[in-house]
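Structural features, examined
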Amino acid sequence: MNLVVQGPKVETRALKDLAALTGSEGLGRIGPNAFRLLGARPHEGLAAYCDERQLDFAFVPEDRRLKDFRLFVTDMDSTLITIECIDEIADMQGLKTEVAAITEAAMRGELDFRESLTRRVALLEGLPEDALARVFNERLQLNPGAEKLIAGLKQAGIVTVLVSGGFTYFTDRLQKQLGFDYAVANQLEVRAGKLTGKVKGDVIDGEAKRHTLQVVRKHHGFAAETVIAAGDGANDLPMLAAAGVGIAYHAKPVVREKATYSLNHSGLDGILNLFG
């Protein structure tokens, strides 16, 4: 196994310490702040050492490369982008604190996602539809490395899917902006230019995310082991489990515990570094 180490800044001293700690047989550079320690072995002190220095680490099979994958599926809120859209929409109603608390509990897995979404969307009743445009234009930002990640995946011929428990207003625009092949999300009901406080059609929850991954995978005839999925919250766990590789991106503890790899300090392009 090789140990991939990356982060905002990777010191030479840290690489030497990690090589000694893991009995690495050599070192390869993947990028400016990403390295591969060859033939590394697990060590009980590895996680604490890396966490203290804001480094991400992952044991990756020596022969695993980006060309081995065919499909990438990612969550939107707090994964592809920096915000939870529904919290920012609620802020237009002066209800951000109340809605954000529900969002946080749902992402930790403490509330059923469908129930939490219904409760949160109901609080948006009466809000003008143009509030969505304000959130997109004024508050929505991509997480670091997002554009580089999607460009790298597309260059490798990998099919990309954006699937979200958020809303089509945002996923549709991000699909066009970044070039995702597919985008799936919840649709807010609007009447007379105002939100009704309801969602139209089926709710996109954790099971729906998993189903979307499976439908796209089977449509293209891809094997499960050729799928990468990324997310941050408890409702992403079903799709991460259905993928060959599940990535917890700056995620809640329940997600980090069950994912194949965790990126806690790196940008989204760190996913490319894992298989560089």
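Residues numbered from 1 in each chain as written. Predicted model: local features only at pLDDT ≥ 70, side-chain atom pairs only at ≥ 80, totals over all residues. Heavy atoms only, no water.

Strands belonging to one sheet form pairs held by backbone hydrogen bonds; the direction of such a pair is parallel or antiparallel. Taken in spatial order, the 7 strands make up an open sheet running 8-7-6-5-9-10-11, and their pairing is mixed. The open sheet has two free edges, formed respectively by strand 8 (194–200) and strand 11 (261–263), since each of these has just one partner strand. Neighbouring strand axes in the sheet, compared pairwise and without regard to direction, differ in orientation by 25° on average. Alignment of strand 10 (residues 245–249) against strand 11, held across 3 bridges, turns out to be parallel. In the strand pairing of strand 11, Tyr249 is matched with Leu263. Contacting strand 5 (71–74), strand 6 (159–167), strand 7 (182–191) and strand 9 (227–231), helix 9 (residues 206–220) runs over the sheet at an angle of about 160° to strand 6. (Pairing = 2+ DSSP bridges. Helix = DSSP H or I, 4+ residues; strand = E, 2+ residues; numbered from the N terminus. Axes fitted to C-alpha atoms, helices over the stretch in contact; angles between N-to-C directions. Contact = heavy atoms within 4.5 Å.)

With that settled, the discussion passes to the packing of aromatic side chains. The full count for this structure, using the stated rule, is 3 aromatic pairs. Aromatic pair Tyr169 and Phe170: ring centres 5.3 Å apart, planes at 70°, arrangement edge-to-face. Phe170 gets classed as buried once you look at its relative accessible area, which sits at 0%. By the ring-pair criterion, three or more aromatic residues cluster together here, those being Phe69, Tyr261 and Phe275. (Phe/Tyr/Trp six-rings, centres within 6.5 Å; stacked < 30°, edge-to-face > 60°. Buried < 20%, exposed > 50% of the residue type's maximum accessible area, 1.4 Å probe, protein only.)

Okay, the side chain of Lys252 next. Structurally, Lys252 can be placed in the loop between strand 10 and helix 11 (253–258). Its relative accessible area of 15% is what places Lys252 among the buried residues. Other than its neighbours up to four places away in sequence, Lys252 contacts Glu104, Met107, Arg108, Asp232 and Gly233.

Helix 8 (residues 168–178) packs onto helix 6 (residues 130–138) with a crossing angle of 40° between their chain directions and a minimal axis gap of 10 Å. Between helix 6 and helix 8, the crossing angle belongs to the class labelled oblique. Once helix 6 is placed against helix 8, the crossing between them reads as right-handed. Where helix 6 approaches helix 8, its residues Leu132, Ala133, Val135 and Phe136 are matched on the opposing element by Tyr169, Phe170, Arg173, Leu174 and Gln177. In the contact of helix 6 with helix 8, the residues fall into 7 nonpolar, 1 polar and 1 charged. (Parallel < 35°, antiparallel > 145°, perpendicular 65-115°, else oblique. Left-handed = near helix turned anticlockwise from the far one by under 90°. Nonpolar A, V, L, I, M, F, W, Y, C, P; charged D, E, K, R; others polar.)

Moving on, we come to the sheet that holds strand 2 (residues 26–31). Strand order across the open sheet formed by 4 strands is 2-3-1-4, with antiparallel pairing between neighbours. At either margin of the open sheet sits one strand with a lone partner, and together these are strand 2 and strand 4 (56–60). Each strand axis lies, on average, 25° off the axis of its neighbour in the sheet, ignoring direction. Here strand 2 pairs with strand 3 (residues 34–38) via 5 bridges, running antiparallel. Bridge pairing links Gly26 to Leu38 in strand 3. In this fold helix 1 (residues 12–22) packs onto strand 1 (2–6), strand 2 and strand 3, with an angle of close to 25° to the strand it touches most, strand 3.

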